[in-house]
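# Structural characterization, general
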Amino acid sequence: IQVPIPDGVELFGHGIQTTRQISVTANATSIPASTIEPTDINYFGRVFRVPGTRTFEDWTTTIYVDESFKVRDFFEQWSDRINGMTTNKTATSTGLGGGFTTDASVTQYAKNGESIRKYILVDAWPTTVGATELAWEGNDVQTVEVTWAYTHWEAISISDKTNVGAVLADIDNVTSANVGDLF
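All values reported here derive from a predicted model rather than from experimental measurement. (Residues numbered from 1 in each chain as written. Predicted model: local features only at pLDDT ≥ 70, side-chain atom pairs only at ≥ 80, totals over all residues. Heavy atoms only, no water.)

### Let's talk about the pattern of salt bridges
Opposite charge on two side chains permits pairing when their charged atoms draw close. Applicable threshold: Within this document, salt bridges are pairs made up of a side-chain nitrogen of Lys or Arg and a carboxyl oxygen of Asp or Glu, the two lying within 4 Å of each other. A run of H or I in DSSP counts as a helix once it spans at least four residues, and a run of E counts as a strand once it spans at least two, with each numbered from the N terminus. For the exposure calls, accessible area comes from a 1.4 Å probe over protein chains only, and a residue counts as buried if that area is under 20% of its type's maximum, exposed if over 50%, partly exposed in between.
Per the stated rule, a full pass over the model turns up two salt bridges. Between Glu76 and Arg72 there is a salt bridge whose closest N-O contact spans 2.8 Å. With Glu76 and Arg72 both in helix 1 (residues 70-82) and four residues apart, this pair spans about one turn of that helix. The exposure class of Arg72 is buried, given its relative accessible area of 13%.

Here it is, written out as structure tokens:
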């Protein structure tokens, strides 16, 4: 997951800012959902269902936390700038999004490690920074669950194998021997 760092959020604290983007490794996530709600239109006693408003569900990620807690600290700072934990105020008033939103991206990889598809979550921000367990038992790496809100997502095909047009064009040529070549 790649996240450009919003203004006022420091990645390493103490005013040290060496990059404007953070890449974090997700333990688990999903491709965000999109739903087109049907709209009912009454016409001469009949109900016609037509496509209506598109909505985008919140996106939940489980992210590995480094031993120095820099990753969790990043999300805590960002959340605090949106709505101060002690002041209950936003850090700035620069209009819609207030400089607190950013375009986050998640990349889907093939089994061989090749990037095959990328999703850009436009105007994203963390709505929830979840708990991080502090137990000594087991060999698990610490994680934090972050839930994101965003306006919409955009899909970018990186590989020909995710190009819908190419897949549909190849359907006429599909035989049982080469179905696996499409995916």
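### Description of helix 1
Applicable threshold: Take the number of residues in a helix, subtract one, and multiply by 1.5 Å to get its expected span. Residue contacts follow a heavy-atom distance rule, with two residues in contact if any of their heavy atoms lie within 4.5 Å.
The first and last C-alpha atoms of helix 1 sit 18 Å apart over 13 residues, in line with the 18 Å expected at 1.5 Å per residue. Against strand 1 (2-4), strand 2 (21-23), strand 6 (59-64), strand 7 (102-109), strand 8 (115-129) and strand 9 (143-149) lie the buried residues of helix 1.

### A few points about the environment of Gln142
To be explicit about the condition: N or O atoms closer than or at 3.5 Å make up a polar contact, with two conditions inside protein: a donor-capable atom paired with an acceptor-capable one, and, for residues adjacent in sequence, both atoms drawn from side chains.
Mapped onto the secondary structure, Gln142 falls in the loop between strand 8 and strand 9. Residue classification places Gln142 among the partly exposed positions, given a relative accessible area of 25%. In this structure the C-alpha to C-alpha distance between Gln142 and Asn27, which are 115 residues apart in sequence, comes to 10.0 Å. A polar atom in the side chain of Gln142 sits 3.2 Å from the backbone oxygen of Glu133.

### Details of the packing of aromatic side chains
As a reminder, the rule being used: Each pair of aromatic rings taken from Phe, Tyr and Trp, with Trp reduced to its six-membered ring, is defined by centres within 6.5 Å and is described as stacked if the planes are under 30 degrees apart, edge-to-face if over 60, and tilted in the remaining cases.
Under the criterion given, the structure shown has 11 aromatic pairs. An angle of 50 degrees between the planes, with centres 5.6 Å apart, marks the rings of Phe74 and Trp78 as tilted. Note that Phe74 and Trp78 are positioned in helix 1 at a spacing of four residues, about one turn of the helix. Here Phe74 matches Trp78 in class, with each residue buried. Here the aromatic rings of Tyr119 and Trp153 are separated by 5.3 Å at their centres, their planes lie at 75 degrees, and the arrangement is edge-to-face. Of this pair, Tyr119 sits in strand 8 while Trp153 is found in strand 10 (residues 152-157), placing the two residues 34 residues apart along the sequence. With relative accessibility at 8%, the residue Tyr119 sits in the buried group. Accessibility expressed as a relative area gives 23% for Trp153, which makes it partly exposed. Feature note: the residues Trp59, Phe74, Phe75, Trp78 and Trp148 constitute an aromatic cluster, connected by ring pairs.

### Points about the layout of surface pockets
The cut-off we apply is this: Cavity means a closed set of points on a 1 Å grid over the protein atoms alone, one where a 1.4 Å probe fits but cannot get out, pocket means an open set with protein on both sides within 12 Å along at least 5 of 7 lines, and lining means a residue has an atom within 4 Å of a point. Grid points are joined across faces, edges and corners, and a volume is the space filled by probe spheres set on the points. Classification used: nonpolar for Ala, Val, Leu, Ile, Met, Phe, Trp, Tyr, Cys and Pro, charged for Asp, Glu, Lys and Arg, polar for all others including Gly.
Estimates place the volume of the largest pocket at around 430 Å³. Together, 17 residues line the largest pocket, and Glu133, Ala135, Asp140, Val141 and Gln142 are the ones closest to its centre. Of the residues that constitute the lining of the largest pocket, the class distribution is seven nonpolar, five polar and five charged.

### Some remarks on the environment of Glu114
Following the sequence through the fold, Glu114 ends up in the loop between strand 7 and strand 8. Using a relative accessible area of 40% as the deciding quantity, one classes Glu114 as partly exposed. In the structure, Glu114 is positioned 44 residues away from Ile158 in sequence and 9.4 Å away in space, judged by C-alpha atoms.

### A word on a nonpolar patch on the surface
Heads up, the condition is: Here the term patch refers to residues with relative accessible area over 30% and no salt bridge, with like charges joined within 9 Å and nonpolar side chains (Val, Leu, Ile, Met, Phe, Trp, Tyr) within 5 Å. Computed with a 1.4 Å probe, the accessible areas rest on the Shrake-Rupley method; for each residue, only the protein chains presented here act as cover.
Residues Ile41, Tyr43, Phe44 and Phe48 make up a contiguous nonpolar surface patch of about 490 Å² in total accessible area. Along the chain, the position of Phe48 falls in strand 5 (residues 46-56).

### Details of the nonpolar core
Stated precisely, the cut-off is as follows: In these notes, a set of buried Ala, Val, Leu, Ile, Met, Phe, Trp, Tyr and Cys residues joined through side-chain atoms within 4.5 Å is what counts as a nonpolar core.
By size, the foremost hydrophobic cluster in this structure holds 23 residues, and its most contacted members are Val3, Ile63, Phe74, Phe75, Trp78 and Trp148. For this core, the elements supplying multiple residues, two or more each, are strand 6, helix 1, strand 7, strand 8 and strand 9. Not counting residues within four places of it along the chain, the set of residues in contact with Phe75 comprises Ile63, Pro126, Val129, Val146 and Trp148.

### Things to note about the confidence of the model for the protein
Here is the rule we go by: Per-residue confidence from the predictor is reported as pLDDT, which spans 0 to 100.
Considering every residue of the protein, the mean pLDDT works out to 79; 77% of them sit at 70 or more. The low-confidence segment residues 170-183 (pLDDT under 50) makes eight contacts with residues lying over four places distant or belonging to another chain.

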